[in-house]
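# Working through the structure, step by step
The residues making up each chain are set out below.
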Amino acid sequence: MDDIVSLQVRWIQGFTNKSIEFVDNKTVCYTCGSHICFLNLETKLQSVFQGPGRGIGALTANGISGIFAFSEQKLNPSIFVYMFPELQLKNELKGTAQLDYTSLTLSDGGPYLGCCSSLPDHTIAVWNWETAEPICTQPQAGQDVISLVFNPLNWLQICALGTTAITVWNIEKSANFHILKPCVIELPATDGLFAERLVPPFHTTVCDKQSYFGPEMPPSAITGLKGDKGESIVTKLCSKPRLTPTTICWTATSELYVGCAEGFLLLVDPESLSVSVLFNPTSPDAVPDLRQNNFQGLTLNKNDLIAVGQDGVVRCLQIKGTQIDIMQTWQLEGPATTVMYSPDYETLLLSSNTGQIYALNPTQSDKIVKVLDVLSGNFVAAALSHTDKNICVSVRDSGELQLWSIDGMCLSSLSLQAEVTSLACCPIAQYAAVGTTSGNVLFIDLNVEQQPRLVHQVQLYHVPVDHLLFDQEGHYLLTGASDSHIYVLDAKPSKKFSVIGFTIAPGPILSLSTQCIRDCEQVKVLALCTGQEGKNHDGSLLTLFSLPEKDLAGPDCVDRHGSLSTHILKVSRYEVPHPLKSCVLGVSEVFAYCHRRKSLQRFQLPQDTDSVSSQQVVQLKPEQEVKGHPLGPASLVLSPHQLWLASVGRDGLIRVRETASMERYIELQCHSCRLGGVRSLTFAADSQTLLTAGFRDGSLVCTDLRIKGVDAEVNKATQHSQTMADFLKNIFSTENPVLIDLTEWRQGSQAGTETPEESELSRGAESVDVTEQDESYNSRLSAPPSHPTWLESRREAVIKEENEQYSETKKNLRKTIKELRDTIQEMMRENEKLPEIERLEQQEFNLDVEEQGRLEAMVEQEVARVRKEIEWEILAKCYLHDVLKRECWDSMKVKGRAIKAFHSELEVKNYPLKERTEKEVEELHRVQTMRKFEKAACTSSLKKSSNTTSVKEEEQREEAHTAESAAVTGSFSAQLGYSNPYIYDQFRLQTKEQRINQIVLLQDVIYRIKTAFNTEFETVHRQKVQEFNRVKDRNRHIREIMLKLDMEEKLWEPSLTNSEWPERLFTVDDSEITAEKYLTPEQKNEEERKKLEEQRRLAAKGDSCRERALDDMMDGVLEVKTEDILKMEIPPPEFVLTKPDIHWNEEEKKAYKEYEKKTKDLSEEKEKYKKLLETEMKKMQASTKDATERFDETLTKLFEKKVKCEMAIYQEELKITYLAYSVIVEEEMRNRELELKLKLEKMLAYKDEIGEEMKRHEEEVELFHETYDSIVAEDKVLDKEFRKEFFDVPTHVVDQLYKLFKRRPRVQKMRTQTDSSSSLFKDQRLCGSLAPDALGKMLKAMEELDAPENIPEGLNTSIWERFCLVRRTKVESEQKVKLKALTLAEMQAFLQRRREEDKAAQQEIKNLSDDLESLHKEKNRFLMNIMVQVLLKQGQVEVSTTDLTADYTDCVLLQRSVVEDFNREIRMLGEQKIASMVECKDFRKGIIQLEWEHKKMRMQIEDLNNKARDIQMLRLSEEQQDYLNKRDRDSRVSKQVSILEKTIAFQEKTHLQNVEHRIKKIEQLNRQAAMKAEKTTVLEQQLPNMQVTVAERRHIYEATASEENEAAKTEERHREIVQKKNLEDFARAQAEDLGFLWAELERLKMKNFPSLDQLKHN
């Protein structure tokens, strides 16, 4: 077919803003699918270029040279370089990329192209596209590169913009050798600050003093990652987030403007790698208008900067230093993402992600012109109108409907505000039908091309509308979806697009196609179905429907619910052997695509189908099968004239073939296979135009089917198109005006029409009783909450119509049912009153057994479902229970439990322990065995050395070692007796293996501590359980006593909690289950059987009169027990109740006295028994309290033991933590050592490589220098040979010619490239292929000097020509010398940079060696400086603790003897100081004492003087004076003696009288003593009984009120102590007062009575 038909792209539309570039001053190019579009900004004309491959990858262009380049999308892609506008291929570049290129760029300064490949090599390469040779490459350098940009002033610089960083690549050249050298730009952090490097790049300084926790290692050593990738990962994880660059722009000074997504604007200097922040949106002084701009695009405009962002404003910024001023702004309709200037800097181009391209010419006008507006997003479907207007309709996934002219111009758009899924154009009217994801079908009027409108809408599904299809003659609109319903709508606008009916396919619908048979007036519809609800990818069932063209909407064709009748809808079912993905219906044949076999198949439909029933499935076999698309699945479309079959697939190919011969086809790559290929395809009415929409490439392609010189093919297509147009012309002229007259659809129209019905239905539902609901109520309940579909509305209308038609009948039926219900309820109430033998079962009153069975089946089904869900839930919980129990309970050797005290909140828990694994046991055994060998070796060495040491020294060393080990073991485990004898000394842990072994031994110590404590815990726990059982027994006995005593007191009942007995958690009591217990039928039968057996047993036991009498009389026993005394009662005599006491005879009175005596004795016995029971009860309560208190004391001791064990465990764990940390630090140091060694090895290899390269370049420079010297010498020879060349010319003429020989035209001077990069960046003419251009310009300028008018006068023309040749030779030689000098300078500069790199590498090697040596020193110091744990008392730690933990960095651990000696010396010096102070004090005290004695004596003198003066002034009484004055002392003495004798005689007489009185008193007391003795004998006889009573009462009193008595005694004792203290204070005060009074008395005596000295003196 390809020899007569070809495919050619007419136009293409779509814009993704992936890449847009100027290709000349007025034309831009951008990618669209697998094509490149060229758009003229002035004429807005578009041209299309199709790439040679299966898609367009990266695209770039250079507007100055008119070159554009792009990469193809395939494995091992190539880069194609084309010339515009000739579209001539200049070269094909085959690089090393394996998958794709991410970015391309062209240089303004020469034929150079930069590219960056994707996975896996990420290579950045620079090509000379003229020679198709790579200049330089750098693998693994283009990770995350978004774009590459050449420096416009220097092609030797390329900027690579990445997602997180910016890298400037410098191309260094030496003659024809080029290399790439990176300069990574460190961007600031997101807060605008520059982050510091976490890992120092070079030498790491090591302090002389090590930190407390050891040396600090870099993050790479801590993580253990090695190499450059590991370091980059660590840097990313450990550093602050940096700014995200989005756009870059080179400046006129070879600097870079960088715009960031966070709104920052940066200025980067690639020379110094410095970054300055020009604009910070977070700073308070930031320009307010720029804060919302995130700098999506930047471009340079002379001295200003053009910036665009998400706010849709174009700003012209003037930057002076760090000051930014907004010079001018332009407003866009939406946000812009790209901005660039044309090569002539006249046109500013702006583009956005929403599908718009704008142009602005600031020099001519400030008006922004919209050049392109095609919107954005992926196309869902596209269709060509079948009318004479020849327009195209497309819909995007965002709901945008667009109209296109036949030339590809966008006419208008309409937003449908919904997600769309399908599209179809009507052949009989100018409208399109659109299907949505919500199940709606929208009808769009397209008569006004500039303003399409929505005229109708119908809801058909609750699922997306997958298929929309008009038949060829426009009779019907067919819809299909995944719910298997196919709706048939009238396509005529005059019928208001009414829904005719529906039919149900056997499964979800995959494709629909139609075929109009005009002879039979039928429309055949073919539906491809999956046959299964869940599998909707491909299907093997074909269903063929035959619809009549007319009278389909009659009552015989559609039932009341809208279903098409089977006698009108002729159905044929077919099945194919292989599942199909798509199919189309031809004339008596079916064309299908099988994705599984990747083939196109043709099936012939059987002609005689009348004898086949609609349910019978006919097997079809393919008549023809040809190869399909290489990448499927594919879709098929048949041309309108049925002669051509088109197929499109995910490979992006469109293939057209003749239906008669399917083997041959033509194909065209119209869409990208990497972006999903083709989504939809449609033919025009003339069968010569095809319209395709891409899957994800956002392109719409219109293709022409060109027929080469075969008129028959053209005539068939044109004739069929004309025939159809003539046939549909009348219908179109009738229906299209109706469509134009339709009003625009509003969203509230549908709701407004349906609200009255719904409200009426709701009112009807409210008025119906619950017991009288019909099926309409149930259908309303089952309606979905969203808008009802057409089918649901139809059913509602049918139900409403039936309700209205049969309302009276239903009313009568309801009345009859109500009467019947009342009758049955009355019968049921009477049945309840009947005896049980006559009573009927409740189910016998059921009249509708079938309904009951149905309801019971429904209930059973629901119960089974719920039961299954519950069983699954129980199974999941059981599985979780088993997992948790296995992991947390069964695996535990010692289960976790607790013990609580009886009388306090104290709780002690044990240590849950798992069984040691075999690996742990083997490791412990290995370590212990190793320690045994080490100790044995140490012992043998000690024995050898003991010969040279004395026994005394050895004992001293042993004692010192013992004392030292006891001081620095670091834990209490040894004191608790749980230490491991194989534990290392803390001061001898120097190797990693020893520390690991120490960790194992310490873990064993912890295990021993926990095991020993658990043993004691189990003992106490058993004691608690035993005590708990004893308390329960006592309480049970006390309850029995209280029951006998009729007492009601609350007993203290202890209980075991779940923490004390955790096994109870695994058993569930019936009381914990709140739900009613479910019994299976077998369990119910078992319960009934047990009840019957119990009843039979009781019946067999019978009624025994003897047992009943015994129970009534004596409570079932034959003897009276002591416990039954309280229940005994003595019955009174019978006459007491019948006779009054005055009529009793003697016997009766005697009998009553005996009754009273027995009653009294019984009451005394009861009282004694009660007291005995009370005593026993109190004794048991006291015993319970004592036992529980003793247990609490035991638990307190256990708690103290637990605290000590916890301390020991924490101490051991702390030691383990320190040891593990030291092992980790040692591992980090080892990682750091390996890292440094790896870097050193790499650097040495790099140094060798640089050395070899430098040596090679030195040789090349020497060789080239020799060449240069020879060329210079040759040039000088030409100068010297000038005069020899013109030896035949006169001398003056030669002189004149020599001046002309030295003369040169004025052209731009070339500068020599040196290592100074400032001149390198300022002039692009310095580099590469520009030197031949300079030579050409020089020779062109020499032609002016060689002109004949410059011939000197009198010079021959032949000599002049010879002179011109010599001069040209000289000029060429000079230019050659200059070019060689330039090249030599470049080579020398290149060599100098290599030498600098060699020096830098050497310095780096030195730094790495220093780092490695310092690390070794640090490692040795760390291994020697061991961290030990020392237990000290609080007073022995003399470190200030300002924080929670003290800092022991600058602390020293000393021996106790050193501190004691120091303290002893301090104490001695202190005593000496105190002695000197006491001596000084005593001396001062002597001085003070002498002063005091002196003062005392002066006061005594004064006092004696006062006394003498008082004696002198004393006055005496007469008696005193008489006594003093009388001289006869004998008479006075005799008188006193006589007075004394009389007094003695009177006292003797009185004494005799008193003696007589005392004798009488003694006799009286003797008589009273005799009476008391008699009473005492009587009391002694009563004393034993009283002692017993007193002992009982004292015991009762002590048992009941011991605490109160103790409190009372304590209070009384306290009062006595207080009273005694008060009395002592009072007595002391009285004594002080009395002393004072005595002193005062003495003083008064001395004052009032005269002194004997005075008298004697007188």
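Refer to the structure above for everything that follows.
These lines cover the structure that appears in this document, whether it is placed above or below. Just so you know, these numbers come straight off a predicted model, no measurement behind them.

### Here's the deal with empty space enclosed by the protein
- This model, assessed by the stated rule, comprises four cavities of 30 Å³ or more.
- Approximately 90 Å³ is the volume found for the largest cavity.
- Surrounding the largest cavity, Q986, L989, Q998, L1002, K1215, Y1218, L1219, I1426, M1427, V1428 and Q1429 form its lining.
- Elements with a contribution of two residues or more to the lining of the largest cavity: α12 (992-1044) and α16 (1146-1280).
- The greatest single-element share of the lining of the largest cavity, amounting to three residues, is contributed by α16.
- Taken together, the residues of the lining of the largest cavity sort by class into seven nonpolar, three polar and one charged.

### Focus: the pattern of salt bridges
- What the rule picks out here adds up to 60 salt bridges.
- Across the pair R1395 and E1258 runs a salt bridge, and its minimum N-O distance is 3.4 Å. Here R1395, found in helix α21 (residues 1357-1424), pairs with E1258, found in helix α16; they are 137 residues apart in sequence, far enough to count as distant.
- Its relative accessible area of 26% is what places E1258 among the partly exposed residues.
- One network of salt bridges, with partners in common, ties together E172, K181, R1393, R1394 and E1397.

### Side note on the sheet that holds strand β16 (residues 166-174)
- Taken together, four strands build an open sheet; the order of strands is β14-β15-β16-β17 and the sheet is antiparallel. If you trace the sheet from one side to the other, it starts and ends with β14 (145-151) and β17 (177-185), each paired once. Between one strand axis and the next, the sheet turns through 25° on average, direction left out of account.
- In terms of strand pairing, strand β15 (residues 154-162) meets β16 through five bridges, oriented antiparallel. Note that in β16 the partner of L161 across the bridge is I166.

### Things to note about the side chain of E735
- Among the secondary structure elements, E735 is positioned in helix α3 (residues 711-741).
- No salt bridge is formed by the buried E735; the nearest opposite charge belongs to K492, separated by 5.8 Å.
- Not counting residues up to four positions away in its chain, the partners in contact with E735 are I428, K492, P493 and S494.

### Here's the deal with the nonpolar core
- Formed by 46 residues in total, the largest nonpolar core has its most connected members in Y30, I357, I654, V656 and L690.
- Considering every element that reaches this core, the biggest residue donor is strand β57 (residues 700-707), with five residues.
- Discounting chain neighbours no more than four positions away, the residues touching Y30 are G14, F15, S19, I20, H35, I36, C37, L39, Q46, L59, I357 and L372.
- Listed in part, the 31 residues of the second largest apolar core include F902, V927, L989 and A1208.

### A closer look at the packing of α16 against α21
- With their axes 7 Å apart at the nearest point, α16 and α21 run at an angle of 160° to one another. In terms of orientation, α16 lies roughly antiparallel with respect to α21. Handedness of the α16/α21 crossing: left-handed.
- A per-class count over the contact of α16 with α21 returns 28 nonpolar, 11 polar and 23 charged.

### Structural notes on the pairing of strand β30 (residues 379-384)
- Of all the six residues making up β30, six are buried; the element is thus mostly covered by neighbouring parts of the structure.
- Note: β30 against strand β31 (residues 392-396), five bridges, orientation antiparallel. By the bridge assignment for β31, A381 is matched with V395.

### Description of a nonpolar patch on the surface
- A cluster of nonpolar side chains, contributed by F987, L1432, V1437, Y1448 and L1453, occupies part of the molecular surface with about 420 Å² of accessible area.
- Tracing the sequence through the fold places V1437 in the loop between α21 and α22 (1456-1512).

### A short note on the sheet that holds strand β12 (residues 124-128)
- Read across the sheet, four strands follow the order β10-β11-β12-β13 without closing on themselves; strand pairing throughout is antiparallel. Two strands in the sheet have a free side with no partner beyond their single neighbour: β10 (101-106) and β13 (133-138). In this sheet, adjacent strand axes meet at a mean angle of 20° when their direction is disregarded.
- Bridge analysis of β10 against strand β11 (residues 112-117) gives five bridges, and the strand direction is antiparallel. Residue pairing across strands places L104 opposite C115, the latter belonging to β11.

### A look at α12
- Taking 1.5 Å of rise per residue, the 53 residues of α12 would be expected to cover 78 Å, and the 77 Å separating its terminal C-alpha atoms lies within 8% of that figure.
- In the segment just after α12, D1046 is the residue with positive phi, at about 55°.

### Comments concerning the environment of I79
- Mapping I79 onto the fold places it in strand β8 (residues 78-83).
- Measuring from C-alpha to C-alpha, the distance between I79 and G95 comes to 7.9 Å, with 16 residues separating the pair along the chain.
- With residues up to four places along the chain from it excluded, the contact list for I79 reads A69, F70, S71, N91, E92, L93, Y101, L104, L113 and C115.

### With respect to the side chain of Q1211
- Mapped onto the secondary structure, Q1211 falls in helix α16.
- Taking the relative accessible area as the measure of exposure, Q1211 reaches 12% and is therefore buried.
- When neighbours within four sequence positions are excluded, Q1211 is seen to be in contact with G970, S971, F972, Q1429 and L1431.

### Looking at the pairing of β13
- Sheet topology places β12 next to β13; five bridges connect them, and they run antiparallel. Directly across from W127, in β13, lies its bridge partner P134.
- Hairpin geometry of β12 and β13 is characterised by an intervening segment of four residues between the two adjacent antiparallel strands and by a positive phi of about 60° at A132.

### A look at the packing of aromatic side chains
- Counting across every chain of the model gives 29 aromatic pairs.
- When the centroid spacing of 5.1 Å and the interplanar angle of 80° are considered together, the rings of Y461 and Y487 count as edge-to-face. Of the two residues, Y461 sits in the loop between β37 (453-459) and β38 (465-470) while Y487 sits in strand β40 (residues 485-490), which places them 26 residues apart along the sequence.
- With relative accessibility at 1%, the residue Y461 sits in the buried group.
- Among the aromatic residues, those joined into a ring-pair cluster are F38, F49, F68, F70, F80, Y82 and F84.
- In this structure, R650 packs its charged tip against the face of F695, placed 4.4 Å from the ring centre.

Thresholds, definitions, all that
- Residues numbered from 1 in each chain as written.
- Predicted model: local features only at pLDDT ≥ 70, side-chain atom pairs only at ≥ 80, totals over all residues.
- Heavy atoms only, no water.
- 1 Å grid on protein atoms, 1.4 Å probe; cavity = no way out; pocket = protein on both sides within 12 Å on 5 of 7 lines; lining within 4 Å.
- Points joined across faces, edges and corners; volume = space filled by probe spheres on them.
- Helix = DSSP H or I, 4+ residues; strand = E, 2+ residues; numbered from the N terminus.
- Nonpolar A, V, L, I, M, F, W, Y, C, P; charged D, E, K, R; others polar.
- Salt bridge = Lys/Arg side-chain N within 4 Å of Asp/Glu carboxyl O.
- Buried < 20%, exposed > 50% of the residue type's maximum accessible area, 1.4 Å probe, protein only.
- Pairing = 2+ DSSP bridges.
- Axes fitted to C-alpha atoms, helices over the stretch in contact; angles between N-to-C directions.
- Lys, Arg positive; Asp, Glu negative; His and termini not counted.
- Contact = heavy atoms within 4.5 Å.
- Core = buried A, V, L, I, M, F, W, Y, C linked by side-chain atoms within 4.5 Å.
- Parallel < 35°, antiparallel > 145°, perpendicular 65-115°, else oblique.
- Left-handed = near helix turned anticlockwise from the far one by under 90°.
- Patch = residues over 30% accessible without salt bridge, like charges linked within 9 Å, V, L, I, M, F, W, Y side chains within 5 Å.
- Areas by Shrake-Rupley, 256 points an atom, 1.4 Å probe, with all protein chains shown as cover.
- Expected span 1.5 Å × (residues − 1).
- Phe/Tyr/Trp six-rings, centres within 6.5 Å; stacked < 30°, edge-to-face > 60°.
- Lys NZ or Arg CZ within 6 Å of the ring centre and 35° of its normal.

It is worth stressing that arrangement in space is one thing and function is another; only the former is reported here.
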